[in-house]
Amino acid sequence: MTRVSLVLPAYNEVTRIEKTVNQTAETLRDITSSFEIIIAEDGSIDGTDRIAGKLAQEHNCISHLHSDSRQGRGRALNRAFKSASGDVLCYIDVDLATDMSHLKELIESISIEGYDFATGSRMMPQSNVKRPLKRGIASKGFNFLVHTVLHSKLYDHQCGFKAFKKAPLFELIDDVEDEHWFWDTELMVLAQAREFKVKEFPVIWRHGGTTKVNLKKDILEMGSQIFRLWWSLKRQPKEKTVKSCEML
Ligand SMILES: Nc1nc2c(ncn2[C@@H]2O[C@H](COP(=O)(O)OP(=O)(O)OP(=O)(O)O)[C@@H](O)[C@H]2O)c(=O)[nH]1
Ligand SMILES: [Mg+2]
């Protein structure tokens, strides 16, 4: 039987962590009888760590990874996946911005359809998205740069709703240098460059209200990461350039 490990990266999420964990467990129970939920929490100063610890104590299927200092989302995910016991590894953002009705498709893209990497998408023509105009424009600009500079075929790289087959993820995970927001993009660009089977599918997505993104600072950082990755790929041998990506 396929075992699913689902990671919730959490930084100062006291208002929603418990509800999200409960809703995630309920949704997972309808998909598989073997799963674990890992709360990858660090640096929280609002009591998220206390609630995550309590949930982990109360339920065998929940575990809590904690650091006192903020690690960045990418580093938190990296550490959580390395501790995971599942065959299908996935993560979703705590704000549940992507509609949970898509979780089954996300997991089955890997466990049944045989993809190595799968991601929800807010940018495909069939996606149904409500988000602030400013964030929508920033996201379009970012994805445009990733297409043109890094030759990615995906419409959306940053959707916090992704799943992986264990072995392909572990082939790449230590090559991903970014430790925060760009981690997702870097992983998906490398997955295409190494010719893994990648699926992108449209989702219903609603902006989660409060955000951890600092628009000005994070956009500059993401922009510089695009060029850092471009330079790093350019220096790699020819067979590692982007060749294919399957999309719905
Ligand atoms: N463990 C950990 N999680 C983080 C860190 N920074 C952000 N997160 C989590 O990453 C997820 C995404 O954060 P959001 O604020 O929703 O960011 P976003 O989805 O890119 O942006 P929005 O579109 O505004 O929602 C949330 O579950 C956060 O709690 C971090 O430093 N460490
Ligand atoms: Mg979000």
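Keep in mind the model is a prediction, meaning the values are calculated, not measured. (Residues numbered from 1 in each chain as written. Chains lettered and ligands numbered in written order. Predicted model: local features only at pLDDT ≥ 70, side-chain atom pairs only at ≥ 80, totals over all residues. Heavy atoms only, no water.)

Q: Help me out: how do you make sense of the sheet that holds strand β2 (residues 35-42) in this one?
A: Strand pairing within a sheet occurs via backbone hydrogen bonds; the two strands may be parallel or antiparallel. Here 7 strands make up an open sheet; going across it, the order is β3-β2-β1-β4-β7-β5-β8 and the pairing mixed. On the outer flanks of this sheet lie β3 (62-67) and β8 (198-202), each paired with one strand and no other. In this sheet, adjacent strand axes meet at a mean angle of 20° when their direction is disregarded. The pairing of strand β1 (residues 4-10) with β2 spans 7 bridges and is parallel. Each residue of the ladder has a partner; that of Val7, found in β2, is Ile38. (Pairing = 2+ DSSP bridges. Helix = DSSP H or I, 4+ residues; strand = E, 2+ residues; numbered from the N terminus. Axes fitted to C-alpha atoms, helices over the stretch in contact; angles between N-to-C directions.)

Q: Would you mind showing me how to read the pattern of salt bridges here?
A: When their charged atoms lie close together, side chains carrying opposite charge are able to pair. Summed over all chains, the structure comprises 17 salt bridges. For Lys199, the salt bridge is made with Glu113, and the minimal N-O distance between the two is 2.9 Å. In this pair, Lys199 sits in strand β8 while Glu113 sits in the loop between α4 (103-111) and β5 (117-121), placing the two residues 86 residues apart along the sequence. Of the residues examined, Lys199 reaches a relative accessible area of 1% and is grouped as buried. The class of Glu113 is partly exposed, set by a relative accessible area of 38%. Linked by salt bridges that have partners in common, Arg73, Asp93, Lys162 and Asp184 make up one network. (Salt bridge = Lys/Arg side-chain N within 4 Å of Asp/Glu carboxyl O. Buried < 20%, exposed > 50% of the residue type's maximum accessible area, 1.4 Å probe, protein only.)

Q: How should the packing of helix α7 (residues 183-193) against helix α8 (residues 215-234) be read in this particular structure?
A: The axes of two packed helices give the description: the angle between them and the distance between them. Close contact between α7 and α8 brings their axes to 11 Å; oriented N to C, the two are set at 25°. Taken together, α7 and α8 sit at an angle that is classed as roughly parallel. For the element pair α7 and α8, the recorded crossing hand is right-handed. Facing α7, whose interface residues are Glu186, Val189 and Leu190, α8 presents Arg228, Leu229 and Leu233. A per-class count over the contact of α7 with α8 returns 4 nonpolar, no polar and 2 charged. (Parallel < 35°, antiparallel > 145°, perpendicular 65-115°, else oblique. Left-handed = near helix turned anticlockwise from the far one by under 90°. Contact = heavy atoms within 4.5 Å. Nonpolar A, V, L, I, M, F, W, Y, C, P; charged D, E, K, R; others polar.)

Q: Any chance you could explain the UniProt feature "domain: Glycosyltransferase 2-like" (unreviewed entry) in the chain here in plain terms?
A: Per the UniProt entry, the sites bearing "domain: Glycosyltransferase 2-like" (unreviewed entry) are residues 5-169 in this numbering. The straight-line gap between the two end C-alpha atoms of residues 5-169 is 13 Å; of that span, 40% is helix and 23% is strand. (UniProt positions renumbered as here; feature names shortened; annotations may be inferred.)

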